[in-house]
Amino acid sequence: MTYCVAMCLDEGLVCLSDSRTNAGVDHINTFRKMTVFERAGDRVLVLMSAGNLAITQAVISLLREHAAVQDRDSLWNAPTMFECARLVGQTIRGVHRQDAEALQQFGVDFSASFILAGQIGDEPPRLFNIYAAGNFIEASIDTPYFQIGESKYGKPIVDRIVTSSTSLDEAAKCALISMDSTIRSNLSVGLPLDLLVYRRDELRVARHLSVDWDNPYFDMIHREWGASLRKVFNALPDPDWSRWPVEDPVPAPRIGVVS
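Residues numbered from 1 in each chain as written. Predicted model: local features only at pLDDT ≥ 70, side-chain atom pairs only at ≥ 80, totals over all residues. Heavy atoms only, no water.

1. Thoughts on the pattern of salt bridges
For the record, the criterion: Between Lys or Arg on one side and Asp or Glu on the other, a salt bridge is scored when a side-chain nitrogen of the former is within 4 Å of a carboxyl oxygen of the latter. Any residue under 20% of the maximum accessible area for its type is buried, any over 50% is exposed, and the rest in between are partly exposed; the area is computed with a 1.4 Å probe on protein chains only.
Considering all chains together, one arrives at 14 salt bridges under this definition. The partner of Arg 39 in a salt bridge is Asp 42, with the nearest N and O atoms 2.8 Å apart. Under the relative-accessibility criterion, Arg 39 is labelled partly exposed at 37%. Note that Asp 201 and Arg 200 form a salt bridge whose closest N and O atoms lie 3.9 Å from each other. Under the relative-accessibility criterion, Asp 201 is labelled partly exposed at 49%. With relative accessibility at 38%, the residue Arg 200 sits in the partly exposed group.

As structure tokens, then:
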């Protein structure tokens, strides 16, 4: 399992992914889930993956191979981010045609999902969530972020904080808190992390960092976020049962012991 989150904001893009894979508690490895295609002054593309590692690696390897061949449709010559998303979807379907039947015979589901973020030329930064079937949806002003993998633990903070007008620094902070919450609740997600920040219209990566426990900022978030939550929790009053109805208007069924 893994966790990836990406945000498409007025100021640019923030992408964060973990690097843990596991096939049981005694077989845990580290594999990067973020791949960056960058040609300064022309395009920056960020591809993050979750799901079956062999499938996602096959898709990424094919995209890289196609990008190395001249006069072939690839992420380097696609004119728009939409066309890049379409190429990723086509590649996923190609891997499915080749491997899905064999995987099914061994009881393995074809599990793969991708986030594609980036900017090409003069078009604005765009963000896509690409599914195992190769179809995809695009982020909007109302929903400016996507998550894949083990997303449920880190979703509440992103839901509450992130809007299109959120600054890049605030978004990066929110993404790291979201990741810390996921790591705390799920052992299948773990460090090191890949954090990428892209500023709108620069057509080059602003920051691309590897984050581990020796990173002082992430260590501070890990300590202070939990402590702050406890402070807020303790500051809230306990229920005043005297102000509640004597009986719930629609009481839950009660099971009693028949003597």
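Structure shown, so let's carry the discussion forward.
2. Description of the layout of surface pockets
Rules: Of the two site types, the cavity is a set of points on a 1 Å grid over the protein atoms alone where a 1.4 Å probe fits but cannot get out, and the pocket is an open set with protein on both sides within 12 Å along at least five of seven lines, each lined by residues with an atom within 4 Å of a point. Grid points are joined across faces, edges and corners, and a volume is the space filled by probe spheres set on the points. Counting from the N terminus, the helices are the DSSP runs of H or I reaching at least four residues and the strands are the DSSP runs of E reaching at least two. In this classification, Asp, Glu, Lys and Arg are treated as charged, Ala, Val, Leu, Ile, Met, Phe, Trp, Tyr, Cys and Pro as nonpolar, and every other residue, Gly included, as polar.
Quantified by volume, the largest pocket comes out at close to 260 Å³. As for the largest pocket, its lining consists of Tyr 153, Pro 156, Ile 157, Arg 160, Asp 180, Ser 181, Arg 184, Ser 185, Trp 225, Gly 226, Leu 229 and Arg 230. Put simply, the parts of the chain that give the lining of the largest pocket at least two residues each are α3 (155–161), α4 (168–185) and α5 (216–235). Broken down by class, the residue content of the lining of the largest pocket amounts to five nonpolar, three polar and four charged.

3. Quick word on the nonpolar core
Which entries qualify depends on this criterion: We call a set of buried residues a nonpolar core when its members are Ala, Val, Leu, Ile, Met, Phe, Trp, Tyr or Cys and they connect through side-chain atoms within 4.5 Å of each other. Any pair of residues with heavy atoms lying within 4.5 Å of one another is described as a contacting pair.
Ranked by internal contacts, the top residues of the largest apolar core, which has 27 residues, are Met 7, Val 14, Leu 16 and Leu 193. Secondary-structure elements contributing two or more residues to this core are β1 (3–9), β2 (12–17), α3, α4, β11 (193–199) and α5. If we skip the residues at most four places from it in the chain, Met 7 touches Gly 12, Leu 13, Val 14, Leu 127, Pro 144, Tyr 145, Val 158, Val 162, Ala 171 and Ala 175. In terms of nonpolar packing, the next biggest core, distinct from the first, is built from 24 residues, Leu 45, Val 95, Ala 112 and Leu 116 among them.

4. Looking at the environment of Glu 224
On the secondary structure map, Glu 224 appears in helix α5. Counting along the chain gives 93 residues from Glu 224 to Tyr 131, while the straight-line C-alpha distance between them is 35 Å.

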